[in-house]
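Single-letter residue listing:
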Amino acid sequence: MNRRSLLATGAVLALLPGAALAHGPTRQKITLTAEVSADPAEVWAIIGNFQDMGWHPAVVSQEGQGGNDIDATRSLYLSDAGREGPRIEEVLYKYSAENMSYSYRITDVAVEVLPVTNYSSHLTVTPRDGGGSVVEWRGAFYRGYPNNDPPPELNDEAAIAAVSAVYQAGLDALVETFGAPAS
């Protein structure tokens, strides 16, 4: 190997440790569930309408278009300030009344409201062994800061905590509405 080749090889090897550290964020995934005493059809009647998320305590008001059709949209307002306050814009990309399931993604949200990017979510109701229902809410997303060295409020832990809190609040509201099943 000549001197020029050795220098080139050394330069490439010197860059490798930095390249390994230069990766961006990884996609985070969470799944939370709640068991309720109501039959799946009763639960689905409340949460199965993409245009009505009034069952979630964080949603003060909402508006949308397209019903439960693919590409339907909704705007969720999280304060009395309406369009001027914090809001989340979402689009429906999968819907099955038969399977009591729908999938949607966020198209617009300020990272100060929810510290995530590239967020998608799935909500499903299934029968519970012994009666009642299981509501599963799962999501996949990237942290709110797409580059390396995110500030604490936009890192992976903040994104996971924020989405988990949203899901838990909604699931807790469903347990309050329908009751927990007897053990």
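Quick caveat: nothing in here was measured; it's all calculated off a predicted structure.

**Q** Requested: an account of the sheet that holds strand β1 (residues 28-36), with residues and values cited.
**A** Across the sheet, which stays open at both edges, the seven strands sit in the order β1-β7-β6-β5-β4-β3-β2 with antiparallel pairing between neighbours. Edge positions in the open sheet fall to β1 and β2 (61-65), since each of these has one partner strand only. Going from strand to strand, the sheet's axes swing by 20° on average, the running direction of each strand aside. In the packing of helix α2 (residues 40-47) onto the sheet, contacts are made with β1, β4 (87-96), β5 (101-109), β6 (116-127) and β7 (133-143), and the angle to β6 comes to roughly 150°. Across the sheet, helix α3 (residues 156-178) touches β1, β6 and β7, and the angle it forms with β1 is around 15°.

**Q** Any details on the nonpolar core? Residues and values, ideally.
**A** With 35 residues, the main nonpolar core has Val43, Ile47, Tyr119, Val135, Trp137, Val163 and Leu174 as its most contacted residues. Those elements that provide at least two residues to this core are β1, α2, β4, β5, β6, β7 and α3. Considering each element in turn, this core owes the most residues, seven residues, to α3.

**Q** Go over α3 with me, naming the residues and quoting the values.
**A** In this model α3 runs 33 Å from its N-terminal to its C-terminal C-alpha over 23 residues, within 8% of the 33 Å that 1.5 Å per residue would give. Listed in full, the buried residues belonging to α3 are Asp156, Ala158, Ala159, Ala162, Val163, Tyr167, Gly170, Leu171, Ala173, Leu174 and Phe178. On its buried side, α3 packs onto β1, α2, β6 and β7. The opening residue of α3 is Asn155, an N-cap whose side-chain oxygen sits 3.1 Å from the backbone nitrogen of Glu157. Gly179 occupies a position one or two residues after α3 and carries a positive phi of about 85°.

**Q** Any chance you could break down the pattern of salt bridges for me, citing the residues and the numbers?
**A** Opposite charge on two side chains lets them pair, provided their charged atoms get close. Within the structure shown, the criterion is met by seven salt bridges. A salt bridge links Glu63 to Arg83, with the nearest nitrogen and oxygen atoms 2.7 Å apart. A residue pair is termed long-range when its members are at least 10 positions apart, and Glu63 in strand β2 and Arg83 in the loop between β3 (73-77) and β4 qualify at 20 residues. Given a relative accessible area of 33%, Glu63 falls into the partly exposed group. For the salt bridge of Glu89 with Arg87, the shortest nitrogen-to-oxygen distance reads 2.8 Å. The structure contains a network of salt bridges with shared partners spanning Arg87, Glu89 and Asp108.

About the criteria used
Residues numbered from 1 in each chain as written. Predicted model: local features only at pLDDT ≥ 70, side-chain atom pairs only at ≥ 80, totals over all residues. Heavy atoms only, no water. Pairing = 2+ DSSP bridges. Helix = DSSP H or I, 4+ residues; strand = E, 2+ residues; numbered from the N terminus. Axes fitted to C-alpha atoms, helices over the stretch in contact; angles between N-to-C directions. Contact = heavy atoms within 4.5 Å. Core = buried A, V, L, I, M, F, W, Y, C linked by side-chain atoms within 4.5 Å. Buried < 20%, exposed > 50% of the residue type's maximum accessible area, 1.4 Å probe, protein only. Expected span 1.5 Å × (residues − 1). Polar contact = N/O pair within 3.5 Å; in protein donor to acceptor, adjacent residues only side chain to side chain. Salt bridge = Lys/Arg side-chain N within 4 Å of Asp/Glu carboxyl O.

What is shown is where atoms sit, not what they do.
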